[in-house]
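Observations on the model geometry
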Amino acid sequence: KLILPNVQWVDLDLPESLFYAEVFLRRNFPDAVFTYITAERQLYDGPEPYTMADFVFCPVQLANTAKVCHYDIAINQGSMQEMSPEFVAYWCKFIDRMTTCFISLNYPETPIALPPAWECVHRERSDGNAELKLILDAVRIFEERVYVKR
């Protein structure tokens, strides 16, 4: 939000992690609008409050609600190395359906099972996308892999 203030951030995570994210974000963005997805169709059923929210929290068990939307970028940080290969494959298919840019902030040896249409690009190859370059610069401290769907 600091780099791209007009962006809507949808956080799909374990409920416990969403709680900590909400506490942190409310403290740092006190004027922002926050909302939780609490039902399967809630994200896309009505214009309010989800289209107006700055931050939307979606528990992982309601992930099917989130995949009906298209997202500019999906980011995974530090969880794929904790998953079985089957779960990594599930989330890679999920990512394939919802976005065309995926930033993986995981251990370098973590296998990412994206379909062949995806290409791993490096920071230098941001394809002229200024917003992507800003995000990559912000996460420079991590071992990142950036995938773009061609």
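Residues numbered from 1 in each chain as written. Predicted model: local features only at pLDDT ≥ 70, side-chain atom pairs only at ≥ 80, totals over all residues. Heavy atoms only, no water.

Right, let's get into the overall build of the protein chain. A tally of helices and strands in the protein chain yields five helices and seven strands. Traced from its N-terminal end to its C-terminal end, the protein chain shows the element sequence β-α-β-α-β-α-β-α-β-β-α-β. The burial tally for the protein chain puts 37% of its 150 residues in the buried class. A separation of at least 24 residues holds for 67% of the contacts in the protein chain among residues at least 6 apart in sequence. (Helix = DSSP H or I, 4+ residues; strand = E, 2+ residues; numbered from the N terminus. Buried < 20%, exposed > 50% of the residue type's maximum accessible area, 1.4 Å probe, protein only. Contact = heavy atoms within 4.5 Å.)

It is worth spelling out the sheet that holds strand 3 (residues 55-59) at this point. The parallel open sheet is built from three strands, whose spatial order is 1-3-2. Looking along the sheet, the strands with just one partner apiece sit at the ends: strand 1 (9-13) and strand 2 (34-36). Direction aside, neighbouring strands of the sheet carry axes that sit 20° apart on average. Sitting on the sheet, helix 1 (residues 15-28) is in contact with strand 1, strand 2 and strand 3, with an inclination near 165° to strand 3. (Pairing = 2+ DSSP bridges. Axes fitted to C-alpha atoms, helices over the stretch in contact; angles between N-to-C directions.)

Let us now look at the side chain of Asp-11. Tracing the chain through its elements places Asp-11 in strand 1. Within the buried core, Asp-11 has no salt-bridge partner, and the shortest N-O distance to an opposite charge, that of Arg-26, equals 12 Å. Once residues lying within four places of it in the same chain are set aside, the contact partners of Asp-11 are Leu-18, Ala-21, Val-56, Phe-57 and Cys-58. (Lys, Arg positive; Asp, Glu negative; His and termini not counted. Salt bridge = Lys/Arg side-chain N within 4 Å of Asp/Glu carboxyl O.)

As a further point, take helix 1. The first and last C-alpha atoms of helix 1 sit 20 Å apart over 14 residues, in line with the 20 Å expected at 1.5 Å per residue. Within helix 1 the residues assigned to the buried category are Leu-18, Ala-21, Glu-22 and Leu-25. All buried residues of helix 1 fall inside an arc of 105° around its axis, so they share one side. Exposed side of helix 1, more than 90 degrees from the buried face: Glu-16, Tyr-20, Phe-24 and Arg-27 are the residues found there. Here the buried face of helix 1 lies against strand 1, strand 2 and strand 3. (Expected span 1.5 Å × (residues − 1). Arc of directions from axis to C-beta.)

Our focus in this paragraph is the nonpolar core. If you look at the biggest cluster of nonpolar residues, it comprises 21 residues, and the most contacted ones within it are Met-80, Ile-95, Phe-102, Ile-112 and Leu-114. Those elements that place two or more of their residues in this core are strand 3, helix 3 (63-66) and helix 4 (85-98). Considering every element that reaches this core, the biggest residue donor is helix 4, with six residues. Those residues in contact with Met-80 that sit more than four places away from it in its chain are Val-88, Trp-91, Cys-92, Ile-95, Phe-102, Asn-106, Thr-110 and Ile-112. (Core = buried A, V, L, I, M, F, W, Y, C linked by side-chain atoms within 4.5 Å.)

Turning our attention to the pattern of salt bridges. Taken as a whole and judged by the stated rule, the model has four salt bridges. Its salt-bridge partner being Lys-1, residue Asp-54 comes within 3.2 Å of it at the nearest N-O pair. With Asp-54 in the loop between helix 2 (42-45) and strand 3 and Lys-1 in the segment before strand 1, this pair connects stretches of sequence that are 53 residues apart. Residue class for Lys-1 comes out partly exposed when judged on its relative accessible area of 22%. Arg-150 is the salt-bridge partner of Glu-119, the closest N and O atoms lying 2.9 Å from each other. With Glu-119 in strand 6 (residues 118-121) and Arg-150 in the segment after strand 7 (144-149), this pair connects stretches of sequence that are 31 residues apart. Judged by relative accessible area, Glu-119 falls into the partly exposed class, the value being 27%.

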